[in-house]
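# Coordinate analysis (summary)
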Amino acid sequence: ADTLLRAEQMHLFRLLAWGGASVLVGTLVFVVLAWRRSTTSLLRHFGVQMLIWGGVEAAYAAATWHGLGLRDVSGATRLDRLLWFNLGLDAGGVGIGTAIAVSGWLHGRRPGALGAGTGLVLQGAALFLINAQLASVISR
């Protein structure tokens, strides 16, 4: 039980760090765009994805941190099932982001769609890796 609690804490720390880094990157994109007085649709949509997803991830990690505690077998099973569900959602996010980026590129070279799709792929892949790390600890 202590090992699972420590693994969950590390998971939430990784999620909080990734969310914070995403918010920082999204903010920096907007600062650079404002400083250069640029209206690059690709970077603006990429920055929006980074800011929104990063904020949601960081808020979730911070809110969940306070509710952590030792789990019994049924609690560990629920966590395992939730993680596998999240892994499927993360893979779906990568697929949807890829579809958005590719369709934006092929149908009229829409840089906004390419930026948003790329941001979604990046977020989905990072969340998949973060969730897979915890899933691998639980599966042992």
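Okay, so let's go over this structure. Remember, it's a predicted structure, so these values are computed and weren't measured experimentally.

## Some words on the overall build of the chain
The secondary structure content of the chain amounts to four helices and zero strands. From first element to last, N terminus to C terminus, the chain shows the α and β order α-α-α-α. When the 140 residues of the chain are sorted by exposure, 32% land in the buried category. In the chain, the proportion of contacts linking residues at least 24 apart, taken out of those at least 6 apart, comes to 80%. Accessible surface, the chain as shown: approximately 8300 Å² in total, 69% of it carbon and sulfur.

## A short note on helix H1 (residues 2-36)
The end-to-end C-alpha separation of H1 is 51 Å, in line with the 51 Å expected for 35 residues at 1.5 Å each. Burial in H1 covers these residues: Leu4, Leu5, Ala7, Glu8, His11, Leu12, Leu15, Gly19, Ser22, Gly26, Val29 and Leu33. On its buried face, H1 sits against helix H2 (41-65), helix H3 (73-106) and helix H4 (111-139). Where H1 terminates, the next one or two residues include Arg37, which has phi positive at roughly 55°.

## Digging into the nonpolar core
Leu4, Ala7, Leu79, Leu83, Leu87, Leu134, Ala135 and Ile138 form the largest nonpolar core, which has eight residues in total. The contact partners of Leu87, leaving out residues within four places of it in the chain, are Phe128, Asn131, Ala132 and Ala135. Formed by seven residues, the second largest nonpolar core is a distinct cluster that contains Leu5, Leu12, Leu15 and Leu127.

## Considering the layout of surface pockets
The computed volume of the largest pocket comes to approximately 590 Å³. Along its surface, the largest pocket is lined by 25 residues, and Leu15, Tyr60, Asn86, Leu127 and Asn131 are the ones closest to its centre. Of all elements in the fold, only H1, H2, H3 and H4 reach the threshold of two or more residues within the lining of the largest pocket. For the lining of the largest pocket, the leading source of residues is H3, giving eight residues. For the lining of the largest pocket, the class distribution of residues is 13 nonpolar, seven polar and five charged.

## Considering unusual backbone geometry
You will see that Arg37, though not glycine, has its phi angle at about 55°, which is positive. Residue placement: Arg37 occurs in the loop between H1 and H2. Under the relative-accessibility criterion, Arg37 is labelled exposed at 76%.

## A word on the packing of aromatic side chains
Applying the stated criterion across every chain yields a total of zero aromatic pairs. Above the plane of the ring of Trp105 lies Arg109, whose end atom (NZ or CZ) is 4.4 Å from the centre.

Parameters and conventions
- Per chain, the residues get numbers from 1 upward, laid out in the order the sequence is written.
- Where local features are concerned, this predicted model is filtered to residues with pLDDT of at least 70; where side-chain atom pairs are given and counted, the filter is 80 or more; whole-chain, interface and lining totals use all residues.
- Just so you know, side-chain values use all the structure's heavy atoms and leave hydrogens and water out.
- Under the DSSP-based scheme used, a helix requires at least four consecutive residues in state H or I and a strand at least two consecutive residues in state E, with every element numbered from the N terminus.
- For every residue, the accessible area (1.4 Å probe, protein chains only) is compared with the maximum for its type, and the residue is labelled buried under 20%, exposed over 50%, or partly exposed between those bounds.
- By definition in these notes, contact holds between two residues if any of their heavy atoms fall within 4.5 Å.
- Here the Shrake-Rupley method, with its probe set to 1.4 Å, supplies the accessible areas, and only the displayed protein chains count as covering residues.
- Take the number of residues in a helix, subtract one, and multiply by 1.5 Å to get its expected span.
- Think of a nonpolar core as a cluster: buried Ala, Val, Leu, Ile, Met, Phe, Trp, Tyr and Cys residues, connected wherever their side-chain atoms sit within 4.5 Å.
- Only protein atoms enter the calculation, which uses a 1 Å grid: trapped sets of points that fit a 1.4 Å probe without letting it out are cavities, open sets showing protein on both sides within 12 Å along at least five of seven lines are pockets, and any residue with an atom within 4 Å of a point is a lining residue.
- Grid points are joined across faces, edges and corners, and a volume is the space filled by probe spheres set on the points.
- Polarity classes work like this: nonpolar for Ala, Val, Leu, Ile, Met, Phe, Trp, Tyr, Cys and Pro, charged for Asp, Glu, Lys and Arg, and polar for all others, with Gly in that last group.
- Note on aromatic contacts: the rings of Phe and Tyr and the six-membered ring of Trp form a pair at centre separations within 6.5 Å, being stacked when their planes are under 30 degrees apart, edge-to-face when over 60 apart, and tilted otherwise.
- Lysine NZ or arginine CZ positioned within 6 Å of the ring centre and within 35 degrees of the ring normal marks a charge as sitting over the ring.

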